Amino acid sequence: SERASLAETEAEHATARFYEASPAAALRRPNRSLSQLAVRMNLRREEEARLQPLGDGALEGGFYAESFRRLDDRSVVWADARYVRGNRRNVRWNSTADYLLLYPCITADSAGGNLSTEEYAFGGGYVHRVGRFDLAIRGDYRAGQEYRQVDPRPHNVVSDFTIKLGVGMQFPQYVLGLDLQGRLYKQDQDIDFFYPPGASSSELYMTGLGSYYTRYSLNSESFNIGYDGKGCLLAAQLMPRHAKGWYARAAFESLTTERLNKSNNTVPITRLKTRQATLSAAYRSGRWSLRAGGGYELRRSIEMIADRTGHSVIVDEQAMYKNRIWHADAEATVEWRRGTVNYMLSPRAEWRQSTATYAYPARRMRLAQFCGAVRGSAEWLRPQWRVKATAGIGCYVSPDEEVSLSNVLNNISEYLTYTAARLSGRAVAPEVSLRAERRLSRNLACFAEAGWTPRFYSGGLSEHVLTATFGILF
């Protein structure tokens, strides 16, 4: 329980994400060796879907395993794995897996329905100190599928692999690190119509802000789409050799994904280029820490025009859709002890603005949101027990909203306008959770944890997320 307490305390510091971002930084974690096996259930219910492509509810359960081991004072190894199965309710205007990664280059229909989902993933890393250098490698693989038993019937299979190399150079007080990451992403999507073909809805090859390819969108008995993505990341990071001091990180990430019409000679029909730059800095003292950061993301969708001779030769490319996203955030943590109780308080502020445009016909959607939140926890440690209670609240306001759509089908226009209104709605988001651990032996403990994170909107709508976790620590 003491090791679990230390691991959670470190994870709550404003500087925790610097240790998670770089594999070489794992050697500097204050954490001792700890492993965990858990079963987790997640339930989400929304009165009306905030993002219809993600549905208005979900129920999933999974097995999770993770381990962090110090081999000696110069080497650390870690690994994690999960298997999750569940379903999402009433998914509309999206038939593609990983919507937030691939939008706007998705297939979509207005009929929608429930989706069954399944995912497994595993990863791990190793870091070793050689002289003044910390050398690290980490690999992660994620595979999944989702499908539906009513028309239209998508069956999506995802494969996502990343590998990251890291090196840290020691100086008297600080460590300067460099990370290099490569990524390969693939998705195969089969969509079928059974009763009869296309009776319920047509699948649209969306290209952004209500536009779609009329040439390829169809309601035949079946068709197949593929996504082929390649990406890289380059980052530099500065952090103290020990926990106290200044932290800084700058990163640039790129991912280019082509959407392929496999039903038509595997012709590429869109190319999505995502570029993201982030910068953050932090300072940690004995019982408090501060962090501030920001970033910029640019998503560009390029539409490919193929000839009509049957040879599927690309004769032109046009960059039609752009989405610029700015974000900035700041947070702080402070911890103190009164008797046998440890306390933690963490205020946070975040601002985000998104501007999406489509070249022709001219369309525009601009959204902005500001969030202020505070979170606190109290932890009781006893010889055989550890109990931790957490509570917080966040407030969301949107000072800016603009939607300008022209020549868009009525049902798509209503969907986009509704989405903009929901994403711009004022909301209050409280959270509560409780965790209890019981020591079973010197190196073994069991735990149970439950959490509730609702969100209440000014218009009267609400959404709720419930989680329950049971497991062992060793």
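The structure this text deals with has already been given above.
Enquirer: Describe the state of the cysteines, listing the residues and the values that go with them.
Expert: Disulfides are covalent bonds that connect the sulfur atoms of two cysteines. Scanning all chains against the criterion turns up zero disulfides. C371 carries a free sulfur, and the closest cysteine sulfur to it, the one in C395, is 7.7 Å from it.

Enquirer: Quick one: what's the story with the side chain of N42, residue by residue and with numbers?
Expert: Along the chain, N42 turns up in strand 1 (residues 34–46). You can call N42 buried: its relative accessible area is 17%. Residues within four places of N42 in sequence aside, it is in contact with A58, L59, E60, Y64, L466 and T467.

Enquirer: Give a description of the packing of aromatic side chains that names residues and reports values.
Expert: Considering all chains together, one arrives at ten aromatic pairs under this definition. Consider the rings of Y19 and Y247, whose centres lie 6.1 Å apart with planes at 65°: the pair is edge-to-face. Placement of Y19 in helix 2 (residues 16–21) and of Y247 in strand 12 (residues 245–261) is noted, with a sequence separation of 228 residues between them. An angle of 55° between the planes, with centres 4.9 Å apart, marks the rings of W246 and Y283 as tilted. Placement of the pair is W246 in strand 12 and Y283 in strand 13 (residues 267–284), with a sequence separation of 37 residues. Its relative accessible area of 28% is what places Y283 among the partly exposed residues. Among the aromatic side chains, those forming a connected cluster through ring pairs are F18, Y19 and Y247. Here R422 stacks its cationic end above the ring of Y457, 4.7 Å away from the centre of that ring. In this structure, R455 is placed above the aromatic ring of Y396, and the distance from its NZ or CZ to the ring centre is 4.2 Å.

Conventions and cut-offs
Residue indices follow the written sequence of each chain, beginning from 1 at its first position. Local features in this predicted model are restricted to residues of pLDDT 70 or higher, and side-chain atom pairs are both shown and tallied only at a pLDDT of 80 or more, whereas totals for entire chains, interfaces and linings draw on every residue. The side-chain values count all of the structure's non-hydrogen atoms but skip hydrogen atoms and water molecules. Note on terminology: disulfide denotes any pair of cysteine sulfur atoms within 2.5 Å. Helix and strand assignments follow DSSP, with helices taken as H or I runs no shorter than four residues and strands as E runs no shorter than two, numbered in order from the N terminus. Only protein chains enter the accessibility calculation, which uses a 1.4 Å probe; a residue is then buried when its area is under 20% of its type maximum, exposed when over 50%, and partly exposed in between. Two residues form a contact once any of their heavy atoms are found within 4.5 Å. In this analysis, rings of Phe, Tyr and Trp, with Trp reduced to its six-membered ring, are considered paired at centre separations within 6.5 Å, and the interplanar angle assigns stacked below 30 degrees, edge-to-face beyond 60, and tilted for intermediate values. Over a ring means this: the NZ of a Lys or the CZ of an Arg is within 6 Å of the ring centre and within 35 degrees of the ring normal.

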